[in-house]
Amino acid sequence: MEFTYESYIKLLKRLEDKGYQFAGYRSWEKKEKSVILRHDVDYSLQKAAEFSAVEREMGVPSTYFVLVSSDFYNLHSLKSKKYIRQIMDNGGEIGLHFDETQYDIRTEEELRDYLYREADILSGITGKETGAVSMHRPSEKFLSDNMEFGSIINSYSKIYFKDMKYLSDSRRRWREDVDEIVRQGAYRRLHILVHPFWYFTGFERDIKQTLKGAILNASLQYYDGLEDNFSSLGKEIRRDEIEELLRG
Ligand SMILES: [Zn+2]
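Chemist: Break down the domain arrangement of the protein for me, with residues and values.
Modeler: For the protein, the assigned domains are domain 1 (5-198) and domain 2 (207-247). For domain 1 and domain 2, the distance between their C-alpha centroids amounts to 30 Å. Taken together, both faces of the contact between domain 1 and domain 2 bury some 460 Å²; the carbon and sulfur share is 64%. Our count for the contact surface shared by domain 1 and domain 2 stands at one residue pair in polar contact (both at pLDDT 80 or more).

So, in structure tokens, the structure goes:
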């Protein structure tokens, strides 16, 4: 499958054709044949919001897991809140993407405390109870523990891996042929992780192009952020000077 919006739309159509019903973490059990679509937002909320518009077109619900403790975006900024709102308006559910490496966690109790704290922060932003959590770079220990978090569904529970066919495009690589697996339609339950970061409209970019584009774009976003906070920034350094540097 190509890493384009168009290929993703084809995948969604094929899922539909094969009788899969799109479900969330709380609704899959009631469906005869279901697929949970999950997105981890590791770097760009903007990209996630863009991606959610594609799903809206298709009338497909999914869950976007966002980081609370990230250096890449600040959930409390106005811009981020706008993206979160867009995702929700497009039918996306917002879950917590929890990065345990941000803390010095020694016990399960501590992990729970930090996780609940982040879930609360997130719910303050979405205005909804945080219903599900996924782990960013989970430790071996976490994966083997099969922990539960009260009313927050742990998307790393065994049920989502053992009882479902799990497919992921992590590091921009499908471990298995997702198109083929959907075409065969043999599995009753699918759990698919898609990272919007890797997808573009029209043509795909390879891993290096994608990363390079994101890094260069971040420089310009930094400039724009500075401009909002530093009056007459253009007198000191112009945006096109940065663009020039980036082109070189
Ligand atoms: Zn992640």
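Right, picking up where we left off after that structure.
Chemist: Describe in detail the coordination of the zinc ion, supporting the description with residues and values.
Modeler: In an ideal tetrahedron of four donors about a metal, each angle is 109.5 degrees. In an ideal octahedron of six donors, the angles are 90 or 180 degrees. Surrounding the zinc ion are the protein donor atoms D42 (OD), H97 (NE2) and H136 (ND1), at 2.1 Å. All donors of the zinc ion come from a single chain, and their spacing in sequence reads D-x54-H-x38-H. Here H136 lies in the loop between β5 (132-135) and α5 (140-145) and H97 lies in strand β4 (residues 93-98), a separation of 39 residues in the sequence. Of the two residues examined, H97 and H136, each falls in the buried class.

Chemist: Tell me about the pattern of salt bridges, and please be specific about residues and values.
Modeler: For the coordinates displayed, the defined rule picks out 15 salt bridges. Its salt-bridge partner being R188, residue E32 comes within 4.0 Å of it at the nearest N-O pair. Residue E32 is found in the loop between β1 (21-23) and β2 (34-41), and its partner R188 is found in the loop between α7 (178-184) and β8 (189-193); the two are separated by 156 residues along the sequence. Its relative accessible area of 45% is what places R188 among the partly exposed residues. R247 serves as the salt-bridge partner of E244, at 3.7 Å between the closest nitrogen and oxygen. Remark: R247 and E244 occur in helix α10 (residues 239-247); sequence separation between them is three residues, near one turn of the helix. Look at R247 and you get exposed, because its relative accessible area is 62%. Several salt bridges share partner residues, and in doing so they unite D224, R239 and E243 into one network.

Parameters at a glance
Residues numbered from 1 in each chain as written. Predicted model: local features only at pLDDT ≥ 70, side-chain atom pairs only at ≥ 80, totals over all residues. Heavy atoms only, no water. Domains from an automatic or database assignment. Buried area = accessible area lost by both parts, 1.4 Å probe. Polar contact = N/O pair within 3.5 Å; in protein donor to acceptor, adjacent residues only side chain to side chain. Donors = N, O, S within 2.8 Å, 3.2 Å for Na, K, Ca; no water. Helix = DSSP H or I, 4+ residues; strand = E, 2+ residues; numbered from the N terminus. Buried < 20%, exposed > 50% of the residue type's maximum accessible area, 1.4 Å probe, protein only. Salt bridge = Lys/Arg side-chain N within 4 Å of Asp/Glu carboxyl O.

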